[in-house]
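Reading the structure
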Amino acid sequence: MRSFHFSWQGMLAILFCLLAIPALPLLAADAAAPVSSGTTFVIFILIVAAAALSFMRLSADLSAATLFFGAHAAGWLLIAGISGNEGKAQASFFILIAAAWLLAWRCVSVLSSMRSHSTAGNYTLRLLIPAIFGIWILIIWEAVTRGAGVSLVLLPPPSAIGARIANSIPTLWIDVRQTILTAVLIGYIIGCASGFVVAILADRFAFLRRGLLPIGNFVSALPIIGVAPIMVMWFGFDWQSKAAVVVIMTFFPMLVNTVTGLAAAGNMERDLMRTYASSYWQTLFKLRLPAAAPFIFNALKINSTLAMIGAIVAEFFGTPMSGMGFRISTENGRLNLDMVWAEIAVAAIAGSVFYGIVAIIERMVTFWHPSIRGGQA
Amino acid sequence: MEKEQFFKHKFLPVTTIVLAIILLWYVFAAALNAPFQRDLDRRGNVTPTALEFIGKTLSQPKPTLPAPHQVAQNVFENTFLRVPTSNRSLVYNAWITLAPTAVGFAFGTILGVLFAVGIVHLVALDRSLMPWIIASQTIPILAIAPTIIVVFSALGIDGLIPKALISTYLSFFPVTVGMTKGLRSPEIMHLDLMRTYNASSWQTFWKLRVPASVPFLFTSMKVAIAASLVGTIVGELPTGAVAGIGAKLLAGSYYSQTIDIWAALVAGSVLAAVLVGIVSIAARIVDRSMGGRTA
């Protein structure tokens, strides 16, 4: 039996196919565009064949490729079958989706045990594995919302959200400009810069450090987001008040992290600098700031998400006629949930891009750090 | 000796800075409230002396920036002088906020630990789930928290559960990250030692990995409980002026009751400090009972 390779996901997928047979057809009898029995047969064949092939002792590449093709072709056929028949899916439909998802899981397991010899291959693997996971979240979301006919007011399917994004790019762009390119960016820059400057001051004067650090640690646990209504009262409805909230939220993480980072340089290195008779500023710029860079980037990364949150939440306390928080709250009131989700998707993408840019700069600046040299980051 | 160090290196600097902040606060309060007061005086045809004028700026009923003593007075009145069941009592509002925070934190911690265990033991989960867990935090969930609450209430689910879910979402992340790090913190030497004892992976998990992860767990729990409080407060925003610290903030912002906003902020901060304090005490007790030395 050495050519046989057991996997519980494959086993379960075949079992699900057997379970689905008595529960046929896929769609209710009164469906407008019924799925032909030929297509149904193809879906069964795809799942069973992919599962069966994964039991053979094939090479990992081949096994992953079969599983990938089987799971996604079956998933695509199932999703395509639902169009025009929203809310008509029967139990067998969901059982088959589950079977295809199990195959995708098996595929991910095979892929994650693979080790490529080339860097490009490893890089592809690192992207492919989470991508499959994400795609299946969308497939299941789509299948459940459209298959079971969930109302658009409760949870729109990903395809409707995608269509909404494509149709309202100008509005989305105005909101992104108002919230992210103005409030978030300006607030982030001012907040991080002032936190950094105060940290340098605190480092120069020990008394200030001993006094500020406990307070900074304390403040970072407080719900600072609550200052939003006050800032709106002080700075008016436009972006200035949002930027002010962002400044306050990003200041303390930067302060605490930079002060900790400045203490990170080893005693040996500091002594070496002293033997060179270097001044405070030379030691600061040539030794301690580079050593503090990982901590500073940690704060920059934390702040990139905090800044997004601060700006959008502050818009709930009053805004001009644009901005992501404004759009989310008004469209929500009109039950245009697809627009709300479109804003959420845009916010998520913008947040990831923001975080990604900071991470890339970190990689370039702190290339010497073990966590990056080891390639784990 | 040690007491003197504490006084000189901790108490003195912190007190100085706190006093400086309060002093600055007074200066700002006087400066920010001055334009409105000047306007009032001009209309009322009064010409107060400088001292009287400053006194007036610090006792406006709806100041731009309330003076510290005004906030303190409001907090004191609404905490100690009101029946704890009254709608205006800060104790009542803090209690309303506390319940979802606690439930959300508990779920978040459990979920975070489960994710971490899965991630440490299953390579597939590590490589497929971990990137999405990190990406999930770039979604400003806090920004859409009010939407989630409204959708839930459209479904007929109200009250504690939706707010607790948002708290859960915010608090699971630090726990997952910290716990994953903690479960992976035993050195290879120790893992090898377990192997020489012929320990099963179950035994290695309970006798080596779990004890090693405890300090990491408590550190992340401190972050998580603060995050879940923020989640609850933001989750309270769309319920209008019903109850809870978030609702107090929103009501204060609607009616320009600045002193009320600041009092609600103070209440939220005290709540956060108490919650983090409780976790720290729990951490110390567990640490001691596990034989940790006092640092």
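Residues numbered from 1 in each chain as written. Chains lettered and ligands numbered in written order. Predicted model: local features only at pLDDT ≥ 70, side-chain atom pairs only at ≥ 80, totals over all residues. Heavy atoms only, no water.

**Thoughts on the packing of aromatic side chains**
Here the structure, examined in full by the defined rule, presents twelve aromatic pairs over all chains. An angle of 40° between the planes, with centres 5.4 Å apart, marks the rings of Trp25 of chain B and Trp262 of chain B as tilted. Of this pair, Trp25 of chain B sits in helix H1 (residues 2-44) while Trp262 of chain B sits in helix H11 (residues 258-289), and the two are 237 residues apart along the sequence. The exposure class assigned to Trp25 of chain B is partly exposed, which follows from its relative accessible area of 22%. Overall, Trp262 of chain B belongs to the buried group, its relative accessible area being 16%. An aromatic cluster is built from Tyr280, Trp281 and Phe285 of chain A, whose rings are joined through pairwise contacts. Taking NZ or CZ as reference, Arg204 of chain A lies 4.1 Å from the ring centre of Tyr280 of chain A, over its face. (Phe/Tyr/Trp six-rings, centres within 6.5 Å; stacked < 30°, edge-to-face > 60°. Helix = DSSP H or I, 4+ residues; strand = E, 2+ residues; numbered from the N terminus. Buried < 20%, exposed > 50% of the residue type's maximum accessible area, 1.4 Å probe, protein only. Lys NZ or Arg CZ within 6 Å of the ring centre and 35° of its normal.)

**A short note on the domain arrangement of chain A**
All names here are of chain A. Splitting chain A by domain gives domain 1 (6-149) and domain 2 (157-370). Here domain 1 and domain 2 have C-alpha centroids that lie 40 Å from each other. Across the contact, five residues belong to domain 1 and five residues belong to domain 2. Buried area between domain 1 and domain 2, both sides added, is near 420 Å², and the carbon and sulfur share of it is 71%. Scanning the region where domain 1 abuts domain 2 turns up zero salt bridges. For the pair domain 1 and domain 2, the interface holds one residue pair in polar contact (both at pLDDT 80 or more). Classifying every residue of the side of domain 1 that touches domain 2 by side-chain character gives two nonpolar, one polar and two charged. (Domains from an automatic or database assignment. Contact = heavy atoms within 4.5 Å. Buried area = accessible area lost by both parts, 1.4 Å probe. Salt bridge = Lys/Arg side-chain N within 4 Å of Asp/Glu carboxyl O. Polar contact = N/O pair within 3.5 Å; in protein donor to acceptor, adjacent residues only side chain to side chain. Nonpolar A, V, L, I, M, F, W, Y, C, P; charged D, E, K, R; others polar.)

**What about the confidence of the model for chain B?**
Per-residue confidence for chain B gives a mean pLDDT of 82, with 94% of residues at or over 70. As a predicted assembly, this complex carries a pTM of 0.80 together with an ipTM value of 0.76. (pLDDT = per-residue confidence, 0-100.)

**What about the interface of chain B and chain A?**
At the interface, 51 residues of chain B touch 47 residues of chain A. The junction of chain B with chain A conceals about 4,100 Å² of combined surface from both sides, 82% of it contributed by carbon and sulfur atoms. Summed over the shared surface of chain B and chain A, the result is zero salt bridges. Applying the counting rule to chain B against chain A returns one residue pair in polar contact (both at pLDDT 80 or more). Among the secondary structure elements, those contributing two or more residues to the side of chain B that touches chain A are H1, helix H5 (123-136), helix H6 (141-154), helix H9 (201-235), helix H10 (245-254) and H11 of chain B. Residues belonging to the side of chain B that touches chain A are distributed by class as follows: 37 nonpolar, 13 polar and one charged.

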